[in-house]
Amino acid sequence: ELAWGADSRTIFFTLRKADRDEPTSTNLDIYQAKVDARIAPINLTEANQATDTLPTPSPDGKWLAYAAMARPGYESDRQVLMLRNLENGETRKLTDAWDRSVASIAWAPGGKALYVTAQEVLDHPVFRVDVATGKVERLKASNAATEGNIGDVTPLADGGLLYSRNSILLPTDLYLRDAKGKVTQITDANAAILAELDPVKVERMQFAGANGDTVWGQIIKPANATGKLPVAFLVHGGPQGSFGDSWSTRWNPRLFAQQGYGAVTVDFHGSTGYGQAFTDSINKDWGGKPLEDLKLGLAAAGQKDAQLDIGNACALGASYGGYMMNWIAGQWTDGFKCLVQHDGVFDARAMAYETEELWFDEWEHGGPYFAVPQEYEKWNPVNHVDKWKTPMLVITSEKDFRIPYTQGLAAFTALQRRGVPSELLVFPDENHWVLKGANSVQWHRTVFDWMKRYLKK
């Protein structure tokens, strides 16, 4: 991350030292340097051993806004908006009382306010933060019910904002929000391609999940479909993430709806956008509250929309979502006609010693495996292979060092030895995500063919 100061001579950047502690550290720091000076960069955030990120200098060059976490070793801690006086080094927390995590920062002209984005339930809207008081105000569009996913916020001199926006229904375009809140779409880059697609509609739902807490989800289905719809039950990764109202070239719910499925998503305990306590609640409980939320959420979707045939469903997920497929295989054995498991943890013990992200695994389970083996084994899918019977497609990539591809090979071997119908798709040239176009096409064709085999048309 690189940001230029107002004088065009100063730069701010983030850096994490690649020393022997790096695999167990989330200590990202912000440095300041002069481009024409032969002195070492200055670490502005050395005192904080957790993440410091998003350096954003003010237009007058006097202040540096940035986001900071408080807990070392935790990648999903709340990112609080910070303000640093660049002359004397004094720092204060602007949004310490706001239970949301700052994802981007932009200064308003004049420097009296900052515009930030943050997840809020299923949206990712923009907020105005008053520099003097820290007061946070969500900027709702006067002509839109929801905001979708907003980014690239650029404040304008007349009080308006230029930003990008996407949603499940629409890929990214540019929008202009005037000072009165009216939003106008100013580009339509994908209009011709979108016109070729059948219409899809999105509906939000909420229900009482684990512990009676409110849990949110979405139903995405063909707009003009008749009769019962087979279900694609999509489980997000992270696990501290969200299947919110946004567009993606990976795991896009609209593409499943285009195939004639009712796509259902659930933001289970551990998801982001619902307060830090909700996000933290998955810690050392990977197979507990989240699985309960998923069971309750699928039932709630069926009650909300009678067109969804939840008894004729395939569950799919990647990363933590892939872990959940392995966990479901041994815990929810009659829930689905098929499963799709992508880059998921199969054996928590092996994962603890194989992953490059030791900080992640050790935070989620309360320490290294040798110190707290019971926390890993409590939710370890490998311990329940004797109950596996649901057909599963396993997908993995040889350049994935986060959840190494041996985890996928092991899951496939377990399926084959159990005699469970199964297929294996390996990408030699991908990492934890499928990013290349031709590989993405093959991924989707393979997944859709697998679902079609087990779900009624």
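What you are looking at is a predicted structure, and each value in this text was computed from that prediction instead of being measured.

Trainee: Describe helix α4 (residues 289–304), and please don't skip the residues or the numbers.
Mentor: With 16 residues, α4 should cover 22 Å at 1.5 Å per step; its first-to-last C-alpha distance of 22 Å lies within 8% of that length. Elements that come into contact with the buried residues of α4 comprise β17 (200–208), β18 (214–222), β19 (229–235), β20 (262–267), β21 (308–318) and α5 (320–331).

Trainee: Explain the sheet that holds strand β8 (residues 91–93) to me, using residue names and the numbers behind them.
Mentor: If you walk across this open sheet you meet the 4 strands as β5-β6-β7-β8, and the pairing is antiparallel. At either end of the open sheet lies a strand with only one pairing partner, and these are β5 (52–57) and β8. The mean inter-strand angle of the sheet, taken between neighbouring strand axes irrespective of direction, is 25 degrees. Inspection of the sheet shows strand β6 (residues 63–68) paired to strand β7 (residues 80–85) by 6 bridges, in the antiparallel sense. The residue bridging A68 from the neighbouring strand is V80, located in β7.

Trainee: Which residues make up the packing of α4 against α5, and what values do they have?
Mentor: Contact geometry for α4 and α5: axes closest at 11 Å, N-to-C directions at 80 degrees. The orientation of α4 relative to α5 falls into the category roughly perpendicular. Facing α4, whose interface residues are P290, L291, L294 and K295, α5 presents Y320, M324, W327, I328 and Q331. The class makeup of the residues in the contact of α4 with α5 is 7 nonpolar, 1 polar and 1 charged.

Trainee: Any details on the state of the cysteines? Residues and values, ideally.
Mentor: Throughout the structure, instances matching the rule amount to 1 disulfide. One disulfide in the model links C314 with C338; its S-S distance is 2.4 Å. Given an S-S torsion of about -125 degrees, the disulfide between C314 and C338 has left-handed geometry. Highlighted residues: C314 in strand β21 and C338 in strand β22 (residues 338–342), separated in sequence by 24 residues. Among the residues examined, C338 registers a relative accessible area of 0% and is labelled buried.

Trainee: Provide a residue-level description of the pattern of salt bridges, including the pertinent values.
Mentor: What the rule picks out here adds up to 19 salt bridges. Here D36 makes a salt bridge to R9, at a shortest N to O gap of 3.0 Å. Of this pair, D36 sits in the loop between β3 (29–34) and β4 (42–43) while R9 sits in the loop between β1 (2–4) and β2 (10–15), and the two are 27 residues apart along the sequence. For R9, a relative accessible area of 36% translates into the label partly exposed. Across the pair E203 and K304 runs a salt bridge, and its minimum N-O distance is 3.6 Å. Pair noted here: E203 is in strand β17 and K304 is in helix α4, with a separation of 101 residues, a long-range link. By relative accessible area, E203 is classed as partly exposed at 35%.

Trainee: Break down the sheet that holds β20 for me, citing the residues and quoting the values.
Mentor: Spatially, 8 strands are ordered β17-β18-β20-β19-β21-β22-β23-β24 in an open sheet, and the strand pairing comes out mixed. Two strands bound the open sheet, and with one partner strand each, they are β17 and β24 (422–427). Between one strand and the next, the sheet's axes are offset by a mean angle of 20 degrees, whatever the strand orientation. When β19 meets β21, the two strands line up parallel, connected through 7 bridges. Opposite P230, over in β21, you have D309 as the bridge partner. The strands touched by α4 within the sheet are β17, β18, β19, β20 and β21, with β17 carrying the most contacts at an inclination of about 125 degrees.

Trainee: Quick rundown of the packing of aromatic side chains? Include the residues and the values.
Mentor: A full pass over the atoms with the stated rule returns 22 aromatic pairs. Between W332 and F336, the aromatic rings sit 4.6 Å apart at their centres with planes inclined by 70 degrees, giving edge-to-face as the arrangement. With respect to burial, W332 and F336 carry one shared label: buried. Aromatic side chains F346 and W388 sit 5.7 Å apart centroid to centroid with 75 degrees between the ring planes, which places their arrangement in the edge-to-face category. With F346 in the loop between β22 and α6 (348–354) and W388 in the loop between α8 (373–377) and β23 (392–397), this residue pair connects regions lying 42 residues apart in the sequence. Judged by relative accessible area, W388 falls into the buried class, the value being 1%. These aromatic residues form a ring-pair network of at least three members: F268, W286, Y320, Y323, W327, W359, F360 and W379. A cation over an aromatic ring shows up here: R165 above the ring of Y175, its NZ or CZ 5.5 Å from the ring centre.

Calculation rules
Residues numbered from 1 in each chain as written. Predicted model: local features only at pLDDT ≥ 70, side-chain atom pairs only at ≥ 80, totals over all residues. Heavy atoms only, no water. Helix = DSSP H or I, 4+ residues; strand = E, 2+ residues; numbered from the N terminus. Expected span 1.5 Å × (residues − 1). Contact = heavy atoms within 4.5 Å. Pairing = 2+ DSSP bridges. Axes fitted to C-alpha atoms, helices over the stretch in contact; angles between N-to-C directions. Parallel < 35°, antiparallel > 145°, perpendicular 65-115°, else oblique. Nonpolar A, V, L, I, M, F, W, Y, C, P; charged D, E, K, R; others polar. Disulfide = S-S within 2.5 Å. Buried < 20%, exposed > 50% of the residue type's maximum accessible area, 1.4 Å probe, protein only. Salt bridge = Lys/Arg side-chain N within 4 Å of Asp/Glu carboxyl O. Phe/Tyr/Trp six-rings, centres within 6.5 Å; stacked < 30°, edge-to-face > 60°. Lys NZ or Arg CZ within 6 Å of the ring centre and 35° of its normal.

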